[in-house]
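Observations on the model geometry
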Amino acid sequence: MADNSLFQSDLTEYVGTAAGHTIGMVIANVDSLVRELLHISEEYASLGILTSRTGAAAQAYAVDEAAKATNVELLIFELPRDTEGYSGHGNLIVFGARDVSDARRAVEIALAEIDKKAEYIYINEVGHMEMHATANAGPVLHQIFNAPLRKAFGFICAGPAGIGLVAADVAMKSAPVDIVWYGTPSINLSMTNEIIIGITGDYGAVRKAVDTAYERASELIEVFGKKPESILYFTR
Amino acid sequence: MADNSLFQSDLTEYVGTAAGHTIGMVIANVDSLVRELLHISEEYASLGILTSRTGAAAQAYAVDEAAKATNVELLIFELPRDTEGYSGHGNLIVFGARDVSDARRAVEIALAEIDKKAEYIYINEVGHMEMHATANAGPVLHQIFNAPLRKAFGFICAGPAGIGLVAADVAMKSAPVDIVWYGTPSINLSMTNEIIIGITGDYGAVRKAVDTAYERASELIEVFGKKPESILYFTR
Amino acid sequence: MADNSLFQSDLTEYVGTAAGHTIGMVIANVDSLVRELLHISEEYASLGILTSRTGAAAQAYAVDEAAKATNVELLIFELPRDTEGYSGHGNLIVFGARDVSDARRAVEIALAEIDKKAEYIYINEVGHMEMHATANAGPVLHQIFNAPLRKAFGFICAGPAGIGLVAADVAMKSAPVDIVWYGTPSINLSMTNEIIIGITGDYGAVRKAVDTAYERASELIEVFGKKPESILYFTR
């Protein structure tokens, strides 16, 4: 983020950046033809936009926190094949707000949260993983990943895909949790080289399953090189 | 392009290279089983082939010029997820010709045009964009992007995808143009991390909209690093 | 592959690594919810898993050899868009076995075979290709690529996609072979920048066609840089 107020004043849409090569922006009054194209309800004059080259769930969990704290609705969540050389997703997230101050506030909260959640995206020379858990899923995690509202929700993702499968298997054996969403390269995902499960249950069980998956996926990815490190330190 | 006639004489298919890691080739008489596989009409003995790791619209506009100047028909236009580490497309373009001299001439024109149009593909450390305009859309832009024939046609593309959305919005507000084609990662595109609009209108209006989108997308991509530069200087 | 038995003893799933950034693993008794998710028959308690960032056919041919020599059945074969910066596929391969020793044995055979077959995946600065032939297709090549059982089967793949088209054309003209499978970026493939054909016929004819395709694709890819080299020497 360029700390240059002159520069920022020229870019009314720009809000800031976060880890995963994420940029946050707002549109105060969306153009009517663009609105029509994207099937955006007239209820929302303003859009909040978050878009990243790296990460899917970190941004989803972050936007979920933003949606809990503000008056916005998730309109678009798309997962391009990206991760800048790794085998996962980037993202495009658009939410609607009645005015630009709501949109901007939601983007600001989400950017700050992404810088926390991106700690749980890890890479080494070859593999990557995302491992997240919340005690309290909000409307965005519900909408995207079928997470039960106000229940614990965990996200287990690793690539190459077979490592994600082993991580999912050990996670499920480690604690009494249920699977509410999943993806393989060609099912629910965008031809990424990953397997993902979304799990629910008591928070303690979800936490245990996610931590178990983290340990196993980390060890397996490490056969290709270094112990996987958080992306937080090198894609901001 | 290797300027080595001995080498070229051994490779009857090879015509040349252009920016975006593009290669141009011809097949004088396509094999009958390959013809059947690709549903190529018997009308065309010869194929002209252009294929690139980086770029979609630059090559489309270039092939449009080639099709205006020669007697060929576009048969295949596919957009793989590529761009060599960036979040856009590469391309596969095949056109049919009655004889190999027509096919070769069209490929030669297209390669020369790609070296001009690729000036308008820009990248920096993280983002990319393509911004094109023509006063006079030909049969290829009509066929691929629904551009009205012999009218002005502009192409606005930026990634990560959210930047493309802001660029599209400011472009539409800057001039009286209409949207005739669009793409998001999972709509009309190949899971690329981009948003694209194809626009029409008076040439002055299309030019204004494309230039406005260029300025805004360039400023937004620049928050991730350098001012975006044309790929012309490093993917030939 | 880390030659550290202490390390391996902690990771009951880990079997080994091979070229193409491939890892081989087993699950002795797959979790019942994961089984249900992936529609795995109760017949199979154990899973063998192979997953790679680079390569499609090398791994398919290798797993075909493993399936011929052991008592396993291919359950999942998915081709994510990957190849670590190149324009092809990675893979996810899961097979079922009645017990873990069968699963492990099949994974061990497959890993050893991948280190042989990956010799026929080649890259240079821009392009890539895979060129394989067997005299005797087994159940895996039959299931994935429609190869006639116990007949010769050849695989011709090159990218950028247009080079694959020329390679396919010269191959078909060089010997009396038939096409039993094919892919373009958006047909049968995962938005990769490739064209692929799978061919059958007498082994001599299949060998001739594959060798001809290799020569032509290699020369065409070389216009972008060095003569393409086997990945065997740098993605293990």
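In this text, all values refer to a predicted model and were calculated from it rather than measured experimentally. (Residues numbered from 1 in each chain as written. Chains lettered and ligands numbered in written order. Predicted model: local features only at pLDDT ≥ 70, side-chain atom pairs only at ≥ 80, totals over all residues. Heavy atoms only, no water.)

Residue and element names in this part refer to chain B. Between its first and last C-alpha atoms helix H3 (residues 57-69) spans 18 Å; for 13 residues at 1.5 Å apiece the expected length is 18 Å, and the two agree. Of all 13 residues in H3, ten are buried; the element is thus mostly enclosed. Those residues of H3 lying buried are Ala57, Ala58, Gln59, Ala60, Tyr61, Ala62, Val63, Asp64, Ala66 and Ala67. (Helix = DSSP H or I, 4+ residues; strand = E, 2+ residues; numbered from the N terminus. Expected span 1.5 Å × (residues − 1). Buried < 20%, exposed > 50% of the residue type's maximum accessible area, 1.4 Å probe, protein only.)

Pairing between sheet strands relies on hydrogen bonds along the backbone, with the strands arranged either parallel or antiparallel. All names here are of chain B. What the five strands build is an open sheet, ordered E1-E2-E3-E5-E4; its pairing is antiparallel. Of all strands in the sheet, those bounded by a partner on one side alone are strand E1 (14-18) and strand E4 (72-78). With direction set aside, neighbouring strand axes in the sheet form an average angle of 15°. Of the strand pairs in this sheet, E4 and strand E5 (residues 91-97) are connected by six bridges, and their pairing is antiparallel. Counterpart to Leu74 in the pairing with E5 is Phe95. (Pairing = 2+ DSSP bridges. Axes fitted to C-alpha atoms, helices over the stretch in contact; angles between N-to-C directions.)

All right, on to the relation of the copies chain A and chain C then. Mapping chain A onto chain C calls for a screw motion: a turn of 120° about the axis and a shift of 0.0 Å along it, with 0.0 Å RMSD after fitting. The symmetry that links the two subunits is that of a three-fold axis. Residue Gly85(A), judged by its C-alpha, is the member of chain A lying nearest the rotation axis, at 3.3 Å. Of all interface residues in chain A, a mere 3% are interface residues in chain C too; the two copies therefore contact each other through different surfaces. (Least-squares fit on C-alpha atoms with pLDDT ≥ 70 in both. Contact = heavy atoms within 4.5 Å.)

With that settled, the discussion passes to the packing of helix H6 (residues 161-174) of chain B against helix H7 (residues 203-221) of chain B. Residue and element names in this part refer to chain B. Interaxial distance between H6 and H7 falls to 8 Å at its minimum, and their mutual angle equals 145°. In the packing of H6 onto H7, the handedness of the crossing is right-handed. Of H7, the residues touching H6 (which contributes Ile163, Val166, Ala167, Val170, Ala171 and Ser174) are Lys208, Ala209, Thr212, Ala213, Arg216, Ala217, Leu220 and Ile221. Class assignment for the residues of the contact of H6 with H7 results in ten nonpolar, two polar and two charged. (Left-handed = near helix turned anticlockwise from the far one by under 90°. Nonpolar A, V, L, I, M, F, W, Y, C, P; charged D, E, K, R; others polar.)

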